[in-house]
Every structure is written in C-alpha cells, then in structure tokens.
Amino acid sequence: MNRAAAKEFEIFCGKEIKPDDWLWCRKCHRCYKASEFRYLRVEDEIFLRSYYKDCHGDLPLDSRPWNKLIKDKPELPGTPLKGTVYDL
C-alpha cells in the first residue's frame with residue numbers, strides 16, 4: 001500500500017480497521033483483506049473500492065469488518081475464503 005493509499009485508508013476506515021483485517025462487501029458478499037482494496041483516482045477525486053474488479057462496492061460505505069459480522073454466527077469461519085460468497 002503506497003503512502004497516499006495508506007492515508008486515505010486511515011481517513012475512511014479509522015484506526016479501528018487494520019490492513020490485515022478481513023472485510024465483507026455488502027455489494028458482492030465476498031471478503032478481502034482491508035489492505036487489498038482498489039485505489040482509484042478520477043481527476044481530483046479518490047475512491048477506495050472493493051478488491052474485486054467486477055464489484056462496485058465502496059470500501060467505506062459497503063465493507064464491514066468480518067470479525068464483527070460473525071460474532072454471533074458460529075457456523076461461519078473465523079477466517080473467510082477469498083472469493084467465496086457469504087450471504088449474511
């Protein structure tokens with residue numbers, strides 16, 4: 001993660017979410033590590049997107065920490081499989 005991306009990540013995600021934390025995207029229902037987001041710059045705007053190129057999920061709006069989502073769901077794995085759809 002380059003310095004600019006790291007700064008945007010901290011602004012949008014705060015210090016609560018760490019780069020190695022797993023996130024679940026509510027648009028595509030797949031998980032990815034927080035540090036694997038896509039960083040897009042369009043003119044003067046910056047967008048942090050889901051890891052998956054076929055997903056238009058926005059990191060700050062559509063991603064949720066996996067560990068919080070599964071807290072009361074023992075049937076779900078502690079570490080999700082990348083690319084697997086989890087309908088929550």
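Please read these numbers as outputs of a predicted model, since none were measured by experiment.

Chemist: Looking at this structure, I do not really get the overall build of the protein chain. What am I missing?
Modeler: Across its full length, the protein chain holds three helices and five strands. Along the protein chain, from the amino end to the carboxyl end, the secondary structure elements read α-β-β-β-β-α-β-α. Looking at the protein chain as a whole, 35% of its 88 residues qualify as buried. Put simply, 48% of the contacts in the protein chain that link residues at least 6 apart link residues at least 24 apart. Accessible area of the protein chain: about 5,900 Å², with a carbon and sulfur share of 50%.

Chemist: Can you help me understand the pattern of salt bridges in this one?
Modeler: Opposite charge on two side chains makes pairing possible when the charged atoms of those side chains draw close. Counted under the stated rule, the structure contains four salt bridges. Across the pair Asp 58 and Arg 49 runs a salt bridge, and its minimum N-O distance is 4.0 Å. You can call Asp 58 buried: its relative accessible area is 12%.

Chemist: Sorry, what's going on with the confidence of the model for the protein chain here?
Modeler: Caution applies to low-pLDDT parts of the model: their predicted coordinates are not meant to be read in detail. Per-residue confidence for the protein chain gives a mean pLDDT of 86; residues scoring 70 or more make up 86%. For the protein chain, the element scoring lowest by mean pLDDT is helix 1 (residues 3–13), at 67; strand 1 (residues 22–25) scores highest, at 95.

Chemist: Looking at this model, I keep getting lost on the sheet that holds strand 1. Mind explaining?
Modeler: Spatially, the three strands line up as an open sheet ordered 2-1-5, and their pairing is antiparallel. Of all strands in the sheet, those with a lone pairing partner are strand 2 (31–33) and strand 5 (63–65), marking the two edges. Going from strand to strand, the sheet's axes swing by 35 degrees on average, the running direction of each strand aside. Two strands pair when backbone bridges link them, and strand 1 and strand 5 are joined in this way by three bridges, in the antiparallel orientation. Residue pairing across strands places Trp 24 opposite Arg 64, the latter belonging to strand 5.

Chemist: Please explain the nonpolar core as it appears in this structure.
Modeler: Most often, soluble globular proteins keep nonpolar side chains buried together rather than apart. Ranked by size, the top nonpolar core spans eleven residues in total: Ile 17, Leu 23, Cys 25, Cys 28, Tyr 32, Ala 34, Phe 37, Leu 48, Tyr 52, Cys 55 and Leu 59. Among all residues touching Cys 55, those that are not within four sequence positions of it are Cys 25, Lys 27, Cys 28, Arg 30, Arg 38 and Ser 50. Residues Trp 22, Trp 24, Trp 66 and Tyr 86 belong to the second largest nonpolar core, which totals seven residues.

Chemist: When you look at the packing of aromatic side chains in this model, what are you seeing that I'm missing?
Modeler: Between two aromatic rings, the relevant description is the distance of the centres plus the angle of the planes. Evaluated as defined, the whole model comprises three aromatic pairs. Each ring, one from Tyr 32 and one from Tyr 52, has its centre 6.4 Å from the other, and the planes form 85 degrees; the classification is edge-to-face. Note that Tyr 32 is positioned in strand 2 and Tyr 52 in the loop between strand 4 (45–49) and helix 2 (59–62), a separation of 20 residues in sequence. On the basis of relative accessibility, which here comes to 9%, the residue Tyr 52 falls in the buried class.

Quick notes on the rules
Residues numbered from 1 in each chain as written. Predicted model: local features only at pLDDT ≥ 70, side-chain atom pairs only at ≥ 80, totals over all residues. Heavy atoms only, no water. Helix = DSSP H or I, 4+ residues; strand = E, 2+ residues; numbered from the N terminus. Buried < 20%, exposed > 50% of the residue type's maximum accessible area, 1.4 Å probe, protein only. Contact = heavy atoms within 4.5 Å. Areas by Shrake-Rupley, 256 points an atom, 1.4 Å probe, with all protein chains shown as cover. Salt bridge = Lys/Arg side-chain N within 4 Å of Asp/Glu carboxyl O. pLDDT = per-residue confidence, 0-100. Pairing = 2+ DSSP bridges. Axes fitted to C-alpha atoms, helices over the stretch in contact; angles between N-to-C directions. Core = buried A, V, L, I, M, F, W, Y, C linked by side-chain atoms within 4.5 Å. Phe/Tyr/Trp six-rings, centres within 6.5 Å; stacked < 30°, edge-to-face > 60°.

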